[in-house]
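Secondary and tertiary structure notes
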Amino acid sequence: MPDVASSTECRTPTLAVVIPTYNEAENVSVLVDRLHAVLAGIDWELLFVDDDSPDGTAQRIRSIACKHPHVRLLQRMGRRGLSSACIEGMLATTAPYLAVMDADLQHDETLLPEMLRRLQQEPLDILIGSRYVAGGQMGDWDAQRASMSQWATRLGKHLIKADVKDPMSGFFMLRAEVLQDCVRELSGVGYKILLDLFATSPRPLRFLELPYRFRARQSGESKLDEAVLWEYLLMLIQKWVGPMIPARFIAFSLIGGSGVFVHMLVLWLSFKGIGTSFLVGQSAAALVAMTTNFFLNNLFTYSDMRLRGRELFRGWLSFVAACSVGALANVGIASWIFEANSLWVLSALAGILVGAVWNYAVTAVYTWKRPKAT
Ligand code: GDD
Ligand code: MN
């Protein structure tokens, strides 16, 4: 493979270190100092991708950049997401070697020079900082977090054909061509960018894992919450069903399915329990199911663009309006097909499909409206 950076005409930095940040104001300055020390002698740049952190991380980065011209900032508005931040950061540089690491000083930056040297000299595509090869360590994770990580690791290994010991690692360095070869097919959802790269690359990646000790966080807190696990499952499903069906639609449909249980429960309570008329029970059930669906979608399907405060009420109204029309379309289509062929299961499924696609498409635009969603 030709080494772009070794050509004398090429003035681009050799290495770009991409660092996603969300509320890391207290960590960025120490991190830049450490990288500065460890990367002496290498032509490098540092690209922070900040999702408009409320703690003013971006402002802190700007003031650091006054003294460190290597430091660049990509500040994203109205967006959240670790994977998409890493991808966009890697696309915002022309360096031939790209590293990704966390801002919270948990990754061992002293590995970077060796990663670069080996990528330049050996036939490798990607070097991974690993907690699970001999010499690597987990650091101070509690038992629950450790077992969650191991469970997710096992699941992830099924997805990729390579025997990577730490496919969940957020610390790695790769050749830029590897990204360019698969960037259009990456899912970009959630936390697991490395797994995404391995699962998407059109050819097997030549990789090597270097052990390191995962350090304890100094300041700030982890952003890994319940939504992260859900996003991870979504990414696995997305890879499994392929790019034709968007992950959000899958999430939306799974939540829609859960709405059936809510509906039945409320109908039973009011019709059988309180003794309302069927019509009243059915209407109440539909409204409650739409409402729980709305909140679940806001929490999970659109966790990166959650509506809050007054927006929440507007969103709920538009969601109920859209889904009511969706329900009419569902019934209309189903009866129309049923009249033609009398296959009741098929007719019902067709109605449900049309209703679901309608609800998804309309609420994506009117309820969670953002000009360009990931
Ligand atoms: N731009 C952006 N947007 N950055 C984010 C976001 C986001 O929505 N969420 C998290 N980050 C940044 C954090 O500021 C930090 O620099 C890095 O991504 C990792 O986030 P943490 O919240 O510290 O994650 P963790 O320590 O629990 O998990 C890390 O280690 C795991 C094990 O290696 C991550 O690197 C995981 O990807 C990794 O699996
Ligand atoms: Mn961390």
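Predicted model, so just to flag it, every value in this text is computed and none were measured. Each chain carries its own residue numbering, running from 1 in the direction its sequence is written. Chain letters and ligand numbers both follow the written order, the letters beginning at A and the numbers at 1. In view of the model being predicted, local features appear only for residues whose pLDDT reaches at least 70, and side-chain atom pairs are presented and counted only at 80 or more, with totals across whole chains, interfaces and linings using the full set of residues. Here the side-chain values reflect all heavy atoms present in the structure, with hydrogen atoms and water set aside.

Let us look at the domain arrangement of the protein. Entries for the protein in the domain assignment read domain 1 (4–241) and domain 2 (247–367). The contact criterion used throughout is that any non-hydrogen atoms of two residues lie within 4.5 Å. Counting residues at the interface gives eleven residues for domain 1, matched by nine residues for domain 2. Counting each side, the surface lost to burial between domain 1 and domain 2 is near 880 Å², with a carbon and sulfur contribution of 70%. When the buried area of domain 1 at its contact with domain 2 is split by residue, Arg80, Trp230 and Leu234 rank highest and sum to 49% of it. Take a side-chain nitrogen of Lys or Arg and a carboxyl oxygen of Asp or Glu: if they are within 4 Å of each other, that pair is a salt bridge. Taken together, domain 1 and domain 2 are joined by zero salt bridges. In protein, a polar contact requires one atom able to donate a hydrogen and another able to accept it; more generally it is a pair of N or O atoms within 3.5 Å, and residues adjacent in sequence count only if both atoms are side-chain atoms. The interface formed by domain 1 and domain 2 holds zero residue pairs in polar contact (both at pLDDT 80 or more) in total. Source of the domain bounds: an automatic or database domain assignment. When two parts are brought into contact, each loses some accessible area as probed by a 1.4 Å sphere; the total of that loss over both is the buried area.

Turning our attention to unusual backbone geometry. Residues other than glycine seldom take positive phi values, yet Asn23 does so here, at roughly 55 degrees. Labels follow the DSSP assignment, with helices taken as runs of H or I lasting at least four residues and strands as runs of E lasting at least two, numbered in each case from the N terminus. One can find Asn23 in the loop between β1 (15–21) and α1 (28–38). For each residue, the accessible area found with a 1.4 Å probe, counting protein chains only, is set against the maximum for its type, and the residue is called buried under 20%, exposed over 50%, and partly exposed in between. Given the relative accessible area of 27%, Asn23 is considered partly exposed. With a phi angle near 50 degrees, Asp52 is a residue other than glycine that sits in the positive phi range. Take Asp52: it is sitting in the loop between β2 (44–50) and α2 (57–67). By relative accessible area, which is 36% here, Asp52 ends up partly exposed.

This brings us to the side chain of Ser83. Among the secondary structure elements, Ser83 is positioned in helix α3 (residues 82–91). For Ser83, a relative accessible area of 0% corresponds to the buried category.

Going through the model one piece at a time under the given rule, you end up with 16 salt bridges. The shortest N-O distance in the salt bridge between Arg314 and Glu311 comes to 3.2 Å. One end of the pair, Arg314, and the other, Glu311, are both in helix α11 (residues 310–341), three residues apart, so they sit about a helical turn from each other. The class of Arg314 is partly exposed, set by a relative accessible area of 25%. Salt bridges sharing partners connect three or more residues here, namely Asp51, Arg76, Arg79 and Glu88.

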